[in-house]
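Results of the structural survey
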Amino acid sequence: MVTIEELITRGAEFGASDVHLAKGVPPKFRIDGQLQDAKDISPLTEEECLSYAKRLAGEKFEEIKDIGQLDLSETIADHRIRINLFRQQGAISASMRILADEIPVLSTLGLPPVVSEFAKWQKGIILVTGETGSGKSTTLAAILDQINHTRREHIITLEDPIEYIYKPDLCLVNQREIGTDTQSYADGLRAILREDPDIILIGEMRDPETIETAMTAAETGHLVFATLHTNSAVESIDRIVGVFPAERQQQIRLQLSTTIQAVLSQQLLLKKSGHGRVVACEAMIMTAAIRNMIREGKTPQMQSALVSSSSLGSISMDNSLVQMVKDGSISIDQAIEASANPDHIKKNVGGQSFNITKNY
């Protein structure tokens, strides 16, 4: 049986972002967003999957029997790995994300220029959104690491699980893992305000208590970074408000309008060359007009306000995609597929051909 170490090493050599193990199929690598079978390895048996799970989970293996899944992280074959083990059809499967060996320098990620300013801000909430695997964790790690090298602050992270490991430089960095160092995001956040933080990272804003505590932290002068699983900056606002019962939503809109500073929405796309991926971003920087729209629940108007605030660094996803086509980073077909408004792409990449259309 091929060892976990050998699988991770092979995946890293191929440039895979993930390694998947499941009964009845060979190990699979996700390369440039597509799953590919590991060559020369037979389909895994239920016993082999169990053996891999026990190796990965160690002393925590028994927890899978009670809750059906387990999140953890580990360094394997000199690579930092985020691991999820889960039961399915009587067997155990594993999904392993291969993280970068080093936290990338923020300026190398191809993000909108305004993102470099996030590391200089003193207070408020900055959201990084996108679907799973869109690079949110990498972006946040790069921002926090820039702070680590340029400011003298106390950074506390709440993560599930811990992914990137920071090497304290000018900053004091404390990283707390959900389930190991604290029971939940809500528990960790309740304690965090007594731990003298300057900057707080919340792995995910997933429940009302977490969101409220994050807003309280921002209101009391802290800089808060957090993630959401949404596909646009504007959608993120409604997603947060929608977590709360109707009778509380106006109060939440008011709090959010005064604390949120920026929303960055990301997706990873295949490069035009067909190898490697590049990030496309939408950035919504708060203006007085957008804050008013948040308070008044005028979500449909926020997209227009985002586009008109480009002088502050805001950029819509569609305009980002148009620029990437013009730069030669991605194909027109990729841009149309990733766009919320394919007609906008077609109108603004004049003279270039396209092969697909997206139905709405």
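Residues numbered from 1 in each chain as written. Predicted model: local features only at pLDDT ≥ 70, side-chain atom pairs only at ≥ 80, totals over all residues. Heavy atoms only, no water.

Overview of the confidence of the model for the protein chain
What counts is decided by this rule: pLDDT measures the predictor's confidence residue by residue and takes values from 0 up to 100. Residue contacts are counted whenever heavy atoms from the two residues lie within 4.5 Å of one another.
Residues at a pLDDT of 70 or more form 97% of the protein chain, whose mean pLDDT is 93. Counted against residues more than four places away or in other chains, residues 353–360, with its pLDDT under 50, gives 19 contacts.

What about the side chain of glutamine 255?
For the record, the criterion: Strands are runs of DSSP state E lasting at least two residues, helices are runs of H or I lasting at least four, and both sets are numbered from the N terminus onward. Here the term buried applies to any residue with accessible area under 20% of the maximum for its type, exposed to any over 50%, and partly exposed to those in between, with areas from a 1.4 Å probe on protein chains only. Any pair of nitrogen or oxygen atoms within 3.5 Å is treated as a polar contact; in protein, a donor-acceptor pairing is required on top of that, and neighbouring residues in sequence qualify only through side-chain atoms on both sides.
With respect to the helices and strands, glutamine 255 occurs in helix H9 (residues 249–259). Given the relative accessible area of 15%, glutamine 255 is considered buried. In this structure the side chain of glutamine 255 is engaged in a polar contact, spanning 3.3 Å, whose partner is the side chain of glutamate 219. Ignoring any residue separated from it by four or fewer positions in sequence, one finds glutamine 255 in contact with Met215 and Glu219.

A look at the nonpolar core
To keep it simple, the criterion reads: To form a nonpolar core, buried Ala, Val, Leu, Ile, Met, Phe, Trp, Tyr and Cys residues must be joined to one another through side-chain atoms within 4.5 Å.
Ranked by size, the top nonpolar core spans 37 residues in total, and within it Leu127 and Met284 carry the most contacts. Discounting residues that sit within four places of it in the chain, methionine 284 has contacts with Ala233, Val234, Ile237, Gln261, Ala262, Val263, Ile290, Met302, Leu306 and Ser314. In terms of nonpolar packing, the next biggest core, distinct from the first, is built from 31 residues, Leu111, Ile143, Tyr164 and Leu223 among them.

Regarding the packing of helix H1 (residues 4–14) against helix H2 (residues 46–57)
Helix-helix packing is characterised by the crossing angle of the two axes and by the distance between the axes. Basically, it comes down to this: Angles shown run from 0 to 180 degrees and are taken between the N-to-C directions of axes, each axis being a line fitted to C-alpha atoms and, for helices, limited to the stretch in contact. Any angle from 65 to 115 degrees is called roughly perpendicular, while one under 35 is roughly parallel, one over 145 is roughly antiparallel, and all others are oblique.
In contact at an axis separation of 11 Å, H1 and H2 are set at 85° when each is read in the N-to-C sense. When the axes of H1 and H2 are compared, the pair comes out roughly perpendicular. Across the interface between the two elements, Ile4, Glu5 and Leu7 of H1 pack against Tyr52, Arg55 and Leu56 of H2.

Notes on unusual backbone geometry
A cis amide bond links aspartate 160 with the next residue in sequence, proline 161, at an omega value of -5°. Residue aspartate 78 is not a glycine yet carries a positive backbone phi of 70°. With respect to the helices and strands, aspartate 78 occurs in the loop between strand E4 (69–76) and strand E5 (79–88). Aspartate 78 sits in the exposed class, given a relative accessible area of 70%. Positive phi values are uncommon outside glycine, yet aspartate 196 reaches one of about 55°. Structurally, aspartate 196 is set in the loop between helix H6 (185–192) and strand E10 (199–202). Assessed through its relative accessible area of 61%, aspartate 196 is described here as exposed.

Focus on the sheet that holds strand E11 (residues 223–228)
Quick note on the threshold: One requirement defines pairing of two strands: DSSP has to find at least two bridges between them.
Strand order across the open sheet formed by 7 strands is E9-E8-E10-E11-E7-E12-E13, with mixed pairing between neighbours. This sheet does not close on itself; its edge strands, each paired only once, are strand E9 (172–177) and strand E13 (277–285). Averaged over all adjacent pairs, the angle separating strand axes in this sheet is 15°, with direction ignored. Running at roughly 165° to E11, helix H5 (residues 136–150) makes contact with strand E7 (124–129), strand E8 (154–159), E9, E10, E11 and strand E12 (260–270) of the sheet. Each of E7 and E12 is contacted by H9, which is oriented at about 80° to E12, the strand it contacts most.

Concerning helix H11 (residues 299–308)
Keep this limit in mind: Each direction from the helix axis to a C-beta atom contributes to the arc, which is the arc of those directions.
By the burial criterion, the buried members of H11 are Thr299, Met302, Ala305 and Leu306. For H11, the angular spread of buried residues about the axis comes to 105°, placing them on one side. What points out from H11, more than 90 degrees from its buried face, is the exposed set Pro300, Ser304 and Ser308. On its buried side, H11 packs onto helix H8 (233–242), H9, E13 and helix H10 (288–296).

Re the packing of aromatic side chains
We apply this condition: Each aromatic pair joins two rings of Phe, Tyr and Trp (for Trp, the six-membered one) with centres within 6.5 Å, and gets the label stacked for planes under 30 degrees apart, edge-to-face for over 60, and tilted for any other angle.
This model, assessed by the stated rule, comprises 2 aromatic pairs. For the pair phenylalanine 14 and phenylalanine 29, a centre-to-centre distance of 5.8 Å together with 75° between the ring planes defines the contact as edge-to-face. On the criterion of sequence distance, the pair formed by phenylalanine 14 in helix H1 and phenylalanine 29 in strand E2 (residues 28–31) is long-range, its members being 15 residues apart. With relative accessibility at 46%, the residue phenylalanine 14 sits in the partly exposed group. Between the aromatic rings of phenylalanine 118 and tryptophan 121, the centroid separation amounts to 4.9 Å while the plane-to-plane angle is 50°, which identifies the pairing as tilted. With relative accessibility at 0%, the residue phenylalanine 118 sits in the buried group.

Regarding the sheet that holds strand E6 (residues 91–98)
The strand order across the open sheet built from 6 strands is E3-E2-E1-E6-E5-E4, with neighbouring strands paired in antiparallel fashion. The open sheet is flanked by strand E3 (34–37) and E4, the only strands paired with a single partner. For this sheet, the mean angle separating the axes of adjacent strands, direction not counted, is 25°. Relative to E6, E5 runs antiparallel, the two being bridged by 8 bridges.

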